[in-house]
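Coordinates in review
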Amino acid sequence: MATSLAVPVAYITVLVTALAIFSRVYRKRKAAEKRAYEAWFPSHPTRDIYMTLLSCSSPVPDSLLKSALLTRASADVKRIWRLREDKMALTNLHQRGLLGDETLQRFEAAEKELEAEIVDVVQEANTFRQGWGGLIFATATEMAQAERTREIVMDVGKVKAQE
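Residues numbered from 1 in each chain as written. Predicted model: local features only at pLDDT ≥ 70, side-chain atom pairs only at ≥ 80, totals over all residues. Heavy atoms only, no water.

**Regarding helix 4 (residues 101-128)**
Helix length check: helix 4, at 28 residues, gives a terminal C-alpha distance of 41 Å against a target of 40 Å (1.5 Å per residue), a fit within 8%. Here helix 4 has its buried residues at L104, R106, F107, A110, L114, E117, V121, E124 and A125. In this fold, the buried residues of helix 4 make contact with helix 2 (45-54), helix 3 (62-96) and helix 5 (132-162). (Helix = DSSP H or I, 4+ residues; strand = E, 2+ residues; numbered from the N terminus. Expected span 1.5 Å × (residues − 1). Buried < 20%, exposed > 50% of the residue type's maximum accessible area, 1.4 Å probe, protein only. Contact = heavy atoms within 4.5 Å.)

In structure tokens:
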């Protein structure tokens, strides 16, 4: 009689243990997927250049640091423009059910990262001159618009040749 109860108890114990292990592994994988989003913007070379200039052992002229910071802010302005363009399309696609929550979460993470980047640029600008943090993005926007206009003008010849 003792052997007849031991087999079902052992079976249930093995089954429950296997399900518990599977559940634990599955939850860890799902949590890792949620934390490991692919970046919306893969890299930020202008920030890397600015940080490299800051960490140089030899003294770097302030004009070079200011120029690098302004270039960094200009790249951030272009990222802001891209996020604004993408946000409308992503919102529409998500509302229609054509886009998963993961992509929307990646986008929101990119927005938060860009907000932190903007705050960092403003703080860095204020270290050079008090109040420059408020003006740096106006100047960077003008730079980005001028670059965009320059690209459009340069592409006019290519478009005419294609037509």
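**Here's the deal with the nonpolar core**
One finds L69, A73, V77, V121, I136 and F137 to be the most contacted residues of the largest nonpolar core, which totals 17 residues. Looking at this core, the elements that each hand over two or more residues are helix 2, helix 3, helix 4 and helix 5. The element contributing the most residues to this core is helix 3, with seven residues. Residues in contact with V121, not counting those within four places in the same chain, are L69, R72, A73, D76, I136 and F137. (Core = buried A, V, L, I, M, F, W, Y, C linked by side-chain atoms within 4.5 Å.)

**Brief notes about helix 5**
If you check helix 5, its first and last C-alpha atoms are 45 Å apart, about what 31 residues at 1.5 Å a residue would give, namely 45 Å. D155 marks where helix 5 bends most, by close to 30°. Those residues of helix 5 not exposed but buried are W132, G133, I136, F137, A140 and A144. Along its buried surface, helix 5 packs onto helix 3 and helix 4. (Bend = angle between axes of the 7 residues up to and from the residue.)

**Quick notes on the UniProt feature "transmembrane region" (unreviewed entry) in the chain**
In the numbering used here, UniProt assigns the feature "transmembrane region" (unreviewed entry) to residues 6-26. End C-alpha atoms of residues 6-26 are separated by 30 Å, and the span's content is 100% helix alongside 0% strand. (UniProt positions renumbered as here; feature names shortened; annotations may be inferred.)

**Observations concerning the packing of helix 3 against helix 5**
It is the contact of helix 3 with helix 5, at a shortest axis distance of 8 Å, that shows an interaxial angle of 70°. The angle between the axes of helix 3 and helix 5 places the two elements in the roughly perpendicular class. Note that helix 3 runs across helix 5; the crossing there is right-handed. Only W132, I136, F137, T139, A140, T141, M143, A144, Q145, E147 and R148 of helix 5 make contact with helix 3, whose side of the interface consists of K66, L69, L70, A73, S74, D76, V77, K78, W81 and E85. Grouping the amino acids of the contact of helix 3 with helix 5 by side-chain chemistry returns 11 nonpolar, four polar and six charged. (Axes fitted to C-alpha atoms, helices over the stretch in contact; angles between N-to-C directions. Parallel < 35°, antiparallel > 145°, perpendicular 65-115°, else oblique. Left-handed = near helix turned anticlockwise from the far one by under 90°. Nonpolar A, V, L, I, M, F, W, Y, C, P; charged D, E, K, R; others polar.)

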